[in-house]
Amino acid sequence: MQFTTTREQAGKLDCDCLIVGLIKDQAFDSTLSTIDSATGGLLERLKSKGELPEKVGKTLMLHDPSGIEASRLLLVGMGKSEKLDGPAFVRAAQAAGKALRQSHARNAHCLLAEVGVSDRGTDWKVHQACLALAHSDYIYSATKKTDDDAPPATDMVSFPAGDNLEEVLSRSEAIAAGIQRCRDLGDAPPNICTPIYLAETAERIAAEHPGLNVEILDEQQMEEIGMRSLLAVGRGSINPPRLIRLSWKGGKEGDAPLALVGKGVTFDTGGISIKPRDLMEQMKFDMCGAASVIGALEAAARLKLPINVEGVVAAVENMPDGKAYRPGDVITALSGKTIEVHNTDAEGRMILADAIYWTGRELKPAAMVDIATLTGACVVALGHHASGIMTQNDELAEELLAAGLEAADRGWRLPLWDEYQEQIETPFADMKNLGGMPAGSITAACLLARFAEGQRWAHIDIAGSAWRWGKPESATGRPVGMLVQWLESHAGG
Ligand code: BES
Ligand code: MN
Ligand code: ZN
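Residues numbered from 1 in each chain as written. Chains lettered and ligands numbered in written order. Predicted model: local features only at pLDDT ≥ 70, side-chain atom pairs only at ≥ 80, totals over all residues. Heavy atoms only, no water.

Digging into the overall build of the protein chain
A tally of regular secondary structure across the protein chain gives 14 helices and 19 strands. Taken along its principal axes, the extent of the C-alpha atoms in the protein chain is 80 × 50 × 45 Å. Across the 493 residues of the protein chain, 57% fall into the buried class. Long-range pairs, those at least 24 residues apart, make up 77% of the contacts in the protein chain between residues at least 6 apart in sequence. Total accessible area computed for the protein chain in this model is approximately 20,500 Å², and 49% of it derives from carbon and sulfur atoms. Looking at charge distribution, the protein chain has the averaged site of its 49 positive side-chain charges lying 3 Å from that of its 67 negative ones. (Helix = DSSP H or I, 4+ residues; strand = E, 2+ residues; numbered from the N terminus. Buried < 20%, exposed > 50% of the residue type's maximum accessible area, 1.4 Å probe, protein only. Contact = heavy atoms within 4.5 Å. Areas by Shrake-Rupley, 256 points an atom, 1.4 Å probe, with all protein chains shown as cover. Lys, Arg positive; Asp, Glu negative; His and termini not counted. Charge placed at Lys NZ, Arg CZ, Asp CG, Glu CD.)

Below you can see the structure in the form of structure tokens.
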């Protein structure tokens, strides 16, 4: 989907669909009044019959409205004006996107940003409308033919011209591409999306963007440097692990980078501590942290951010096998610390222990954020709306929370107090990889914290936010929006 601007007046614009927002219990604004009078009072008539969609999430598609050039008019409910905040605007824009997807419109003109949203300006509204429309436009097609009667995609959406709007739109295109990359990788089946596939994808993206470099460590190289914790998890799989490093060099040579580290478990059976059979197929999404890192680096390159950014992905498959690691094993991680395995299904923290330590030691970042579908407990705690943010650094927590709010890709902080550390003590090693039932997300982060010592580091648990159940089940592309916003906030943007 491409975005553009136009100076043409809405009623005179020849397009497949005109998208307008409606605020409940409020007189028509100038846009709506113009459309209403051009159509001979159509909107007023619908209003008097109570047929206007006014609630957030409701839409009404009108075909061949007379008096205006557009061949469809999509009315989008925005709810009451006092309740119309950023998240409500995004929900309304997503509903608009769904309705547009089901129509045969190939191009559209979007007036959603004309409605007033508390604390949000036009640029923000246009950007979020772009992301919502692009997101809804996508139908998975990598391994399934699209239905013959499926309506075509909408290629082009225009917005009323405004100051710097072209820049806003090109930023939106870059971020939408990063989000789309993250979704494509997340949705890809685990027999295709293996650690090597992730590595090859990173190589392909790097080849497309000057300034974006890639380095891949194979298992032999990881063996040599002693990444035993990461390798232990990969040992049961026929698909060998990879450590992928994408580097965006947009800043000055020698400037400390910002680092993103992603959990890339391309399939998580649980290993010897095998998962129950129901819903195991969902564990193809266990590489969404990795996908978000790759997507964020792609967006950073497209945006040509004037900073250095490192993306590190720990890519493995967790399988049960004669060679697999087992409960009771004690593994010496790259840092030299020992981990007693209590559950091979707590594999994310094992691979991140080495990836985080390696990133700190080799790349010396100014700040490091890891992103992982780490714990089912995070889904219990926060559901699907917020990513869990855990860090001992209050300033970094604030940065990420603020970035999430701005990007409409929100996080919520959970405590990472020292008191929780005691739950991962064991007589047989420096720590165990299981903290018991209480605060499962936090005790997982406690283990990571031991490998991030001395770093300005935060952990984001995206087990609930990275993909959506139901129809259609799909990766959400989160938290690419939050991550890119955070990177931009360090780029003076
Ligand atoms: N990948 C899972 C976490 C997960 C579960 C993500 C459900 C999304 C939905 C992770 O590797 C895992 O298995 N975690 C275990 C940890 C436990 C063994 C301490 C969990 O959450 O049950
Ligand atoms: Mn697991
Ligand atoms: Zn996992």
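Here the narrative resumes, following the displayed structure.
Regarding the packing of aromatic side chains
Within the structure shown, the criterion is met by four aromatic pairs. Here Trp417 and Tyr420 contribute two aromatic rings whose centre-to-centre distance is 6.2 Å and whose plane-to-plane angle is 20°, an arrangement assigned as stacked. For Tyr420, a relative accessible area of 19% corresponds to the buried category. (Phe/Tyr/Trp six-rings, centres within 6.5 Å; stacked < 30°, edge-to-face > 60°.)

Description of the coordination of the zinc ion (ligand 3)
Bound to the zinc ion (ligand 3) on the protein side are Lys263 (NZ), Asp268 (OD), Asp286 (OD) and Glu347 (OE), at distances that span 2.0 to 2.4 Å. Around the zinc ion (ligand 3), the six donor atoms are arranged such that angles at the metal cover 78 to 174°; this shape is classified as octahedral. Along the chain, the residues donating to the zinc ion (ligand 3) are arranged with the sequence spacing K-x4-D-x17-D-x60-E. Classification of Asp268 by relative accessible area gives buried; the value is 3%. (Donors = N, O, S within 2.8 Å, 3.2 Å for Na, K, Ca; no water. Tetrahedral: all angles 85-135°; square planar, octahedral: opposite > 155°, others 65-115°.)

A closer look at the nonpolar core
One finds Ile19, Phe159, Leu260 and Trp486 to be the most contacted residues of the largest nonpolar core, which totals 93 residues. With 10 residues, the single largest contributor to this core is helix 9 (residues 288-303). Residue contributions to this core reach at least three from each of two domains, namely domain 1 (2-158) and domain 2 (179-491). The residues touching Phe159, leaving out its near neighbours within four places in the chain, are Phe3, Thr4, Thr5, Thr6, His109, Cys110, Val126, Ala129, Cys130, Leu165 and Leu169. (Core = buried A, V, L, I, M, F, W, Y, C linked by side-chain atoms within 4.5 Å. Domains from an automatic or database assignment.)

Looking at the site of ligand 1
The full set close to ligand 1 counts 16 residues, and Lys275, Asp286, Asp345, Glu347 and Gly376 are the nearest of them. Within the side chain of Asp268, a nitrogen or oxygen atom sits 2.9 Å from an oxygen atom of ligand 1. Lys275 is positioned such that a nitrogen or oxygen atom in its side chain is 2.9 Å from an oxygen atom of ligand 1. In isolation ligand 1 exposes 510 Å². Once the protein is present, 77% of that is buried. Along the lines of polarity and charge, the residues of the shell around ligand 1 split into five nonpolar, four polar and seven charged. (Near = heavy atom within 4 Å. Polar contact = N/O pair within 3.5 Å; in protein donor to acceptor, adjacent residues only side chain to side chain. Nonpolar A, V, L, I, M, F, W, Y, C, P; charged D, E, K, R; others polar.)

Regarding the pattern of salt bridges
Counted by the stated rule, this structure contains 22 salt bridges. Between Lys275 and Asp268 there is a salt bridge; the shortest N-O distance is 3.9 Å. Several salt bridges share partner residues, and in doing so they unite Glu215, Arg245, Lys249 and Glu310 into one network. (Salt bridge = Lys/Arg side-chain N within 4 Å of Asp/Glu carboxyl O.)

Quick notes on unusual backbone geometry
Note the cis peptide between Arg478 and Pro479, where omega equals 0°. Considering the arrangement of structural elements, one finds Pro479 in the loop between strand 19 (474-475) and helix 14 (480-490). The backbone of Asp25 sits at a positive phi, close to 55°, despite the residue not being glycine. In this structure, Asp25 sits in the loop between strand 2 (18-24) and helix 1 (30-38). The backbone phi angle of Leu279 is positive, close to 70°, even though this residue is not glycine. By the secondary structure assignment, Leu279 is in the loop between strand 9 (258-268) and helix 9.

Digging into the sheet that holds strand 16 (residues 431-432)
The three strands are arranged 11-12-16 in an open sheet whose pairing can be described as mixed. Each having just a single partner strand, strand 11 (330-332) and strand 16 make up the two edges of the open sheet. (Pairing = 2+ DSSP bridges.)

Focus: the sheet that holds strand 4 (residues 72-80)
Taken together, the six strands give an open sheet; going across it, the order is 1-6-5-2-4-3, and neighbouring strands pair in mixed fashion. Edge positions in the sheet fall to strand 1 (2-6) and strand 3 (59-63), since each has one partner strand and no second. Each strand of the sheet is rotated relative to its neighbour by a mean of 30°, with strand direction disregarded. Set on the sheet, helix 1 makes contact with strand 2 and strand 4; between it and strand 2 the angle comes to about 115°. Helix 5 (residues 165-187) contacts strand 1 and strand 6 (156-160) of the sheet and is inclined by roughly 170° relative to strand 1. (Axes fitted to C-alpha atoms, helices over the stretch in contact; angles between N-to-C directions.)

Notes on the coordination of the manganese ion (ligand 2)
The expected angle between donors at a tetrahedral four-coordinate metal is 109.5 degrees. At an octahedral six-coordinate metal it is 90 or 180 degrees. Around the manganese ion (ligand 2), the protein supplies Asp268 (OD), Asp345 (O), Asp345 (OD) and Glu347 (OE) as donor atoms, at distances of 2.0 to 2.2 Å. Relative to the metal, the six donor atoms surrounding the manganese ion (ligand 2) lie at angles of 69 to 166°, and the coordination shape comes out irregular. For the manganese ion (ligand 2), the donor residues sit on a single chain with the sequence spacing D-x76-D-x1-E. The metal-metal distance between the manganese ion (ligand 2) and the zinc ion (ligand 3) is 3.1 Å, with Asp268 serving as a donor to both. Here Asp268, found in strand 9, pairs with Glu347, found in the loop between strand 12 (338-340) and helix 10 (348-363); they are 79 residues apart in sequence, far enough to count as distant. The same class applies to Asp268 as to Glu347, namely buried.

A look at the pairing of strand 8 (residues 242-249)
Judged by how many residues are buried, strand 8 sits mostly within the fold: seven of eight residues are covered. Relative to strand 8, strand 7 (residues 212-217) is paired through six bridges, and the arrangement is antiparallel. Bridge pairing in strand 8 links Val214 to Leu246.

Topic: helix 14
The element helix 14 is largely enclosed, with a buried count of nine among its 11 residues. Every buried residue of helix 14 is accounted for by Val480, Gly481, Met482, Leu483, Val484, Gln485, Trp486, Leu487 and Glu488. Backbone geometry just downstream of helix 14 places Gly492 in the positive-phi region, at approximately 80°.

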